Amino acid sequence: MAIKNYAEMRKIDVLPFCDQREAKDDKGRSIKVPYLNWAKCKELLHQNGAENVYFEPCTNANGSSLFMSDQVFADSKGNTNRCYEVRVKIVIDDLEFEAQYPLMNGSNPVKDNSLTQQRVWNAQTRAFVKGVAMRAGLGFGLWLDDMDDKAEGEEDLSKHNIYA
């Protein structure tokens with residue numbers, strides 16, 4: 001059995017399989033937003049025809065799975081930062097591709113003083129789920145529905161939004 005095509009995978013309602021996380025709306029109020037756990041994403045791919053599904057970290061020239069800008073900058077409190085991101089290779093049967101994702105602390109970038117291996121892992125799993133949504137269609141509606149709630153031209157970076 002082969003994995004369903006993009007259009008069929010896009011039609012799968014993943015909301016019943018999602019967990020909730022705390023976020024802030026555009027007015028700073030706490031809200032709960034759905035997210036699809038990486039293990040549930042993998043399981044759903046298998047349930048819909050995929051035989052071989054996995055992701056693995058990509059590494060930079062130094063052998064690290066953390067990619068960062070050369071430019072160091074400081075915030076108003078003197079905390080230093082860079083632009084940190086991860087990349088993962090995603091394999092779904094014969095389909096192989098990479099996805100990239102920033103290290104975030106909620107809607108804020110991760111700063112040097114709060115950089116942890118757990119944040120790197122979280123970003124890698126988010127890269128997997130978002131990469132699957134973009135290339136295979138599973139869960140894409142989580143981001144598309146996000147766009148429907150906003151007026152044209154508005155962006156809410158506290159939510160997953162592939163266009164932001």
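In what follows, the structure referred to is the one given above.
This report concerns the structure included in the present document. (Residues numbered from 1 in each chain as written. Predicted model: local features only at pLDDT ≥ 70, side-chain atom pairs only at ≥ 80, totals over all residues. Heavy atoms only, no water.)

**Details of the overall build of the protein chain**
For clarity, the cut-off: Secondary structure elements follow DSSP: runs of H or I of four or more residues count as helices, runs of E of two or more count as strands, with numbering from the N terminus. Three labels apply to residues, based on accessible area from a 1.4 Å probe with only protein chains included: buried if under 20% of the type maximum, exposed if over 50%, partly exposed otherwise in between. We call two residues in contact when some of their heavy atoms are within 4.5 Å. Computed with a 1.4 Å probe, the accessible areas rest on the Shrake-Rupley method; for each residue, only the protein chains presented here act as cover.
The secondary structure content of the protein chain amounts to four helices and 10 strands. Secondary structure elements in the protein chain, listed N-terminal to C-terminal, are α-β-β-α-β-β-β-β-β-β-β-β-α-α. The buried share of the protein chain, taken over its 164 residues, is 37%. In the protein chain, the share of contacts with a sequence separation of at least 24, taken over all contacts with a separation of at least 6, comes to 53%. Element-wise, carbon and sulfur atoms account for 48% of the exposed surface of the protein chain, whose accessible area totals about 9600 Å².

**Quick word on the packing of aromatic side chains**
Rules: Here is the rule: rings of Phe, Tyr and Trp (six-membered ring for Trp) pair when centre to centre is within 6.5 Å. Planes less than 30 degrees apart are stacked, more than 60 are edge-to-face, and the remainder are tilted. Criterion for a charge above a ring: Lys NZ or Arg CZ within 6 Å of the ring centre, and within 35 degrees of the ring normal.
Under the counting rule described, the total for this entry stands at five aromatic pairs. With a centroid separation of 4.7 Å and 20 degrees between ring planes, the pair formed by Phe55 and Phe128 is classed as stacked. Placement of the pair is Phe55 in strand 3 (residues 53–57) and Phe128 in helix 3 (residues 117–136), with a sequence separation of 73 residues. Three or more aromatic residues joined by ring pairs make a cluster, and in this case those are Trp38, Phe55, Trp121 and Phe128. Over the ring of Phe67 we find Arg87; its NZ or CZ atom is 4.0 Å from the centre of that ring.

**What to know about the side chain of Asn81**
One can find Asn81 in strand 6 (residues 80–81). Each residue touching Asn81, except ones within four places of it in the same chain, is listed here: Gln71, Val72, Phe73, Ala74, Asp75, Val110, Lys111 and Asp112.

**Quick look at helix 2 (residues 38–47)**
Spelled out, the test is: Directions drawn from the helix axis to the C-beta atoms are what define this arc. For this analysis, a polar contact is any N or O atom pair within 3.5 Å, provided that within protein one partner can donate a hydrogen and the other can accept it, and provided that sequence-adjacent residues contribute only side-chain to side-chain pairs.
Listed as buried for helix 2 are Cys41, Leu44 and Leu45. The buried residues of helix 2 occupy an angular sector of 105 degrees when the element is viewed end-on, so they sit on one face. Those residues of helix 2 hidden inside the fold are in contact with helix 1 (6–10), strand 3, strand 7 (84–92) and helix 3. In this structure Asn37 caps helix 2, since a side-chain oxygen of it lies 2.7 Å from the backbone nitrogen of Ala39. Looking one or two places after helix 2, you find Gly49, whose phi comes out positive at around 110 degrees.

**Remarks on the pairing of strand 8 (residues 95–102)**
Basically, it comes down to this: Strands are labelled as partners when DSSP assigns at least two bridges between them.
When strand 7 meets strand 8, the two strands line up antiparallel, connected through eight bridges. Residue pairing across strands places Val86 opposite Tyr101, the latter belonging to strand 8. Once strand 7 ends, the chain turns through two residues before running back antiparallel as strand 8, passing Asp93 with a positive phi of about 55 degrees.

**As for the pairing of strand 2 (residues 30–35)**
Pairing between strand 1 (residues 19–24) and strand 2: six bridges, direction antiparallel. In the sheet register, Arg21 faces strand 2, and the bridge partner there is Val33.

**Quick notes on the pattern of salt bridges**
Quick note on the threshold: The salt bridge criterion pairs a side-chain nitrogen of Lys or Arg with a carboxyl oxygen of Asp or Glu, the two atoms within 4 Å.
Considering all chains together, one arrives at six salt bridges under this definition. Put simply, Lys32 and Glu22 hold a salt bridge, and the shortest N to O gap is 2.9 Å. You can see Lys32 sitting in strand 2 and its partner Glu22 sitting in strand 1, a full 10 residues away along the chain. Here Lys32 falls in the exposed class, since its relative accessible area comes to 54%. A salt bridge links Lys89 to Glu56, with the nearest nitrogen and oxygen atoms 3.3 Å apart. Highlighted residues: Lys89 in strand 7 and Glu56 in strand 3, separated in sequence by 33 residues.

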